[in-house]
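# Architecture at a glance
Next come the chains, spelled out residue by residue.
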Amino acid sequence: MNARDSEIMAQFLRQAGHKECSSAAEADIILINTCSIRAKAEHKLISLLGALRPLKKEKPDIIIAVAGCVAQQYGAALREKMPIIDLIVGTQRIYQIAELLAAARRKPGLIAGTLDKSYQIPIFLPDAATRRRSGSVSRFVTIMQGCDNFCAYCVVPYTRGREVSRQLSDILEEVQALLDQGVAEITLLGQNVNSYGLTNSAGGRLCRFPELLRAVAALPGLRRLRFTTSHPKDLSDDLMRCFAELPNLCPHVHLPLQSGSDAVLKRMNRRYDRQDYLALVERLLQYRPDMALSTDIIVGFPGEDEADFAATMDMLERLRFDASFSFKYSDRPGTASANFPDKIDERIKGERLQVFQRRQDQISLERNRAYIGKRLEILLEQVDAVSCSGRTPSNHLTHINHLSARDIKPGDFVTVVITDAGQHALRGELAS
Ligand code: 5AD
Ligand code: SF4
């Protein structure tokens, strides 16, 4: 989502006549997009701003702007701490970045950060420069922004605001424009795509997520459709059925589990338990036996004891995720769990993370090795003099033996026989 926001801001800046340069020393404007999902991301911003201080002293006319979730969350307080900031751009103001920068030039210290409940996501059509930079094989389309779930650990509802869904017609128009430009794969993007269609203050036509998926899947020319992220509590049977019914809907689900312990899930306010999650995965596999599954895991949530962590490891053994993103719990200001008792020691969090990641790596390797000998369709993303790679429908990165790859280019679909597999990628030969 942040990468997508950066892409949007870069386009607006280019259209306003700004040019990219290769170092901060050459720049008149430095725009930093930020993430605040864990404290580490926030620390990166503070150290970057610290490093920019001498430059700002030397060239006081330089404009330093901070956008994204950290900007949204701290607003004026961030500027008080770091007075070199000339402009704070909230998460709902990225489409006005060019005007805001012009205004900040006249009046440094501008803070554009209020979250508006009736916010509407505008249509964004990439121009030629954005297409060149972002590629024309696989692209993101935002279908909703914000989140109403208030998981106890999560800052997103505070930094991206309450859920708003885009109108169906706007989404279809944006996808169609990308398809007209030759894009083969679309990923529909939202913090919680399953609750698409529940909230949009401006009216207009909305529908539930499965209907949206069917409408997008039916657009001519769309070879691959994906979506992210799904909340297990909202993954309906109607949605799961789409995997059996829509041939271009890719067999991969990213379904964040967060913890394998029912007690922790409850304190996290996730509103499902182990049994619910296991039942969902069983059902998904009934609809698509070749379904790949990835997840997010947090270790060391407040009060997580050895038995809770063992329950997470047990879910890993049962579910054998193809891949997972796992994190040490990080206190975020304003969230419910920041005030929970029984915080876990950093060292124990680190040990648990290592145990989880080591086992996940073994499982990923075993699962990847099971593809050896199979013929898979790869959408090529990168082809150059030394390497060639793309993704399977199940979203596995696949490197293709370059000697076997002739007369092919990014965006082509090729059949590949898998000959080898590592933890993070498959390797294969062109079949024809
Ligand atoms: N600490 C650690 N990980 C977090 N995530 C969200 N908030 C926190 C936090 N406070 C993780 C969740 C989420 C992913 C995007 O980031 O696993 O799914
Ligand atoms: Fe955060 Fe939970 Fe919303 Fe995901 S569903 S963005 S973890 S509050």
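First, a word on scope: everything that follows refers to the structure included in this document. Predicted, not measured: the structure shown is a model, and the values here were computed from it.

Turning next to the environment of methionine 144. Take methionine 144: it is sitting in strand 6 (residues 144-145). For methionine 144, a relative accessible area of 0% corresponds to the buried category. C-alpha separation for the pair methionine 144 and valine 193, spaced 49 residues apart in sequence, amounts to 7.1 Å.

Across a sheet, paired strands are connected by hydrogen bonds in the backbone, their directions being either parallel or antiparallel. The five strands lie next to each other as 13-14-15-17-16, forming a closed barrel whose pairing is mixed. Shown here is a sheet whose adjacent strand axes are inclined to one another by a mean of 50 degrees, direction ignored. Inspection of the sheet shows strand 13 (residues 375-383) paired to strand 16 (residues 413-421) by five bridges, in the antiparallel sense. Paired with isoleucine 378 across the bridge in strand 16 is valine 414.

What follows deals with the site of ligand 1. Taken together, Ile37, Arg38, Tyr153, Gln258, Asp296, Ile298, Phe327, Lys328, Tyr329, Ser330 and Arg332 make up all the residues around ligand 1. In the environment of ligand 1, an oxygen atom lies 3.0 Å from a nitrogen or oxygen atom belonging to the side chain of arginine 38. Take glutamine 258: an N or O atom from its side chain is 2.6 Å from an oxygen atom of ligand 1. Here ligand 1 has 410 Å² of accessible area as a free molecule, and 86% of this is covered by the chains. Elements with a contribution of two residues or more to the shell around ligand 1: strand 11 (292-299) and strand 12 (323-328). Taken together, the residues of the shell around ligand 1 sort by class into five nonpolar, two polar and four charged.

With that settled, the discussion passes to the nonpolar core. Formed by 65 residues in total, the largest nonpolar core has its most connected members in Leu188, Phe209, Leu212, Leu213 and Tyr277. Here the element with the most residues in this core is helix 12 (residues 274-287); it accounts for six residues. Look past the residues within four positions of leucine 213 in its chain and what remains in contact with it is Leu188, Leu225, Phe227, Leu239, Cys242, Leu246 and Leu249. Formed by 22 residues, the second largest nonpolar core is a distinct cluster that contains Ile29, Ala65, Leu110 and Tyr119.

Moving on, we come to the packing of helix 8 (residues 168-180) against helix 9 (residues 209-217). Look at helix 8 against helix 9: their axes get within 10 Å of each other, and the N-to-C directions meet at 30 degrees. The angle between helix 8 and helix 9 falls in the class roughly parallel. Of the two possible hands of crossing, helix 8 and helix 9 adopt the one that is right-handed. Residue-level inspection shows Leu168, Ile171, Leu172 and Val175 of helix 8 in contact with helix 9, the latter providing Leu212, Ala215 and Val216. Taken together, the residues of the contact of helix 8 with helix 9 sort by class into seven nonpolar, no polar and no charged.

Residues separated by three or four positions in an α-helix point in the same direction, a consequence of the helix having 3.6 residues per turn. Helix length check: helix 12 (14 residues) gives 20 Å between terminal C-alpha atoms against 20 Å at 1.5 Å per residue, within 8%. Among all positions of helix 12, only Arg274, Tyr277, Leu278, Leu280, Val281, Leu284 and Tyr287 are buried. Structurally, helix 12 contributes buried residues whose contacts are with helix 10 (237-245), strand 10 (252-254), helix 11 (262-267), strand 11 and helix 13 (306-319). The opening residue of helix 12 is aspartate 273, an N-cap whose side-chain oxygen sits 3.2 Å from the backbone nitrogen of glutamine 275.

When the terminal C-alpha atoms of helix 1 (residues 2-15) are compared, their 20 Å separation across 14 residues agrees well with the 20 Å that a helix rising 1.5 Å per residue should span. Residues of helix 1 that are buried: Arg4, Asp5, Glu7, Ile8, Met9, Gln11 and Leu13. Just beyond helix 1, the residue with positive phi is glycine 17, at close to 100 degrees.

In this section: empty space enclosed by the protein. This structure, assessed with the given rule, holds one cavity of 30 Å³ or more. Its residues placed into classes, the lining of the largest cavity shows five nonpolar, two polar and one charged.

Next up on the list: the pattern of salt bridges. The tally for this structure, following the rule as stated, stands at 36 salt bridges. Arginine 162 serves as the salt-bridge partner of aspartate 148, at 2.9 Å between the closest nitrogen and oxygen. You can see aspartate 148 sitting in the loop between strand 6 and helix 7 (156-159) and its partner arginine 162 sitting in the loop between helix 7 and strand 7 (164-165), a full 14 residues away along the chain. Residue class for aspartate 148 comes out partly exposed when judged on its relative accessible area of 27%. Taking the relative accessible area as the measure of exposure, arginine 162 reaches 41% and is therefore partly exposed. Through salt bridges with shared partners, one network takes in Arg214, Asp237, Asp238, Arg241, Glu245 and Arg283.

Judged by pairing direction, the sheet is parallel, and its three strands sit side by side in the order 5-8-9 without closing on themselves. This sheet does not close on itself; its edge strands, each paired only once, are strand 5 (138-142) and strand 9 (224-228). Mean inter-strand twist for the sheet, computed between neighbouring axes without regard to direction, equals 25 degrees. With five bridges connecting them, strand 8 (residues 185-189) and strand 9 associate as parallel partners. Each residue of the ladder has a partner; that of threonine 187, found in strand 9, is arginine 226. In the packing of helix 8 onto the sheet, contacts are made with strand 5 and strand 8, and the angle to strand 5 comes to roughly 165 degrees. Helix 9 rests against strand 8 and strand 9 of the sheet, and its axis sits at about 155 degrees to strand 9.

Counted by the stated rule, this structure contains nine aromatic pairs. The interplanar angle of 75 degrees and the centroid separation of 5.5 Å between the aromatic rings of phenylalanine 150 and tyrosine 158 together place this pair among those described as edge-to-face. The class for tyrosine 158 is partly exposed, based on a relative accessible area of 35%. Geometrically, the ring pair formed by phenylalanine 209 and phenylalanine 227 is edge-to-face, given 5.1 Å between the ring centres and 80 degrees between the ring planes. Note that phenylalanine 209 is positioned in helix 9 and phenylalanine 227 in strand 9, a separation of 18 residues in sequence. Grouping residues by exposure puts phenylalanine 209 and phenylalanine 227 together as buried. Feature note: the residues Tyr153, Phe301, Tyr329 and Phe340 constitute an aromatic cluster, connected by ring pairs.

About the cut-offs
- Residues numbered from 1 in each chain as written.
- Chains lettered and ligands numbered in written order.
- Predicted model: local features only at pLDDT ≥ 70, side-chain atom pairs only at ≥ 80, totals over all residues.
- Heavy atoms only, no water.
- Helix = DSSP H or I, 4+ residues; strand = E, 2+ residues; numbered from the N terminus.
- Buried < 20%, exposed > 50% of the residue type's maximum accessible area, 1.4 Å probe, protein only.
- Pairing = 2+ DSSP bridges.
- Axes fitted to C-alpha atoms, helices over the stretch in contact; angles between N-to-C directions.
- Near = heavy atom within 4 Å.
- Polar contact = N/O pair within 3.5 Å; in protein donor to acceptor, adjacent residues only side chain to side chain.
- Areas by Shrake-Rupley, 256 points an atom, 1.4 Å probe, with all protein chains shown as cover.
- Nonpolar A, V, L, I, M, F, W, Y, C, P; charged D, E, K, R; others polar.
- Core = buried A, V, L, I, M, F, W, Y, C linked by side-chain atoms within 4.5 Å.
- Contact = heavy atoms within 4.5 Å.
- Parallel < 35°, antiparallel > 145°, perpendicular 65-115°, else oblique.
- Left-handed = near helix turned anticlockwise from the far one by under 90°.
- Expected span 1.5 Å × (residues − 1).
- 1 Å grid on protein atoms, 1.4 Å probe; cavity = no way out; pocket = protein on both sides within 12 Å on 5 of 7 lines; lining within 4 Å.
- Points joined across faces, edges and corners; volume = space filled by probe spheres on them.
- Salt bridge = Lys/Arg side-chain N within 4 Å of Asp/Glu carboxyl O.
- Phe/Tyr/Trp six-rings, centres within 6.5 Å; stacked < 30°, edge-to-face > 60°.

Everything listed here is a matter of geometry and, on its own, says nothing about what the molecule does.
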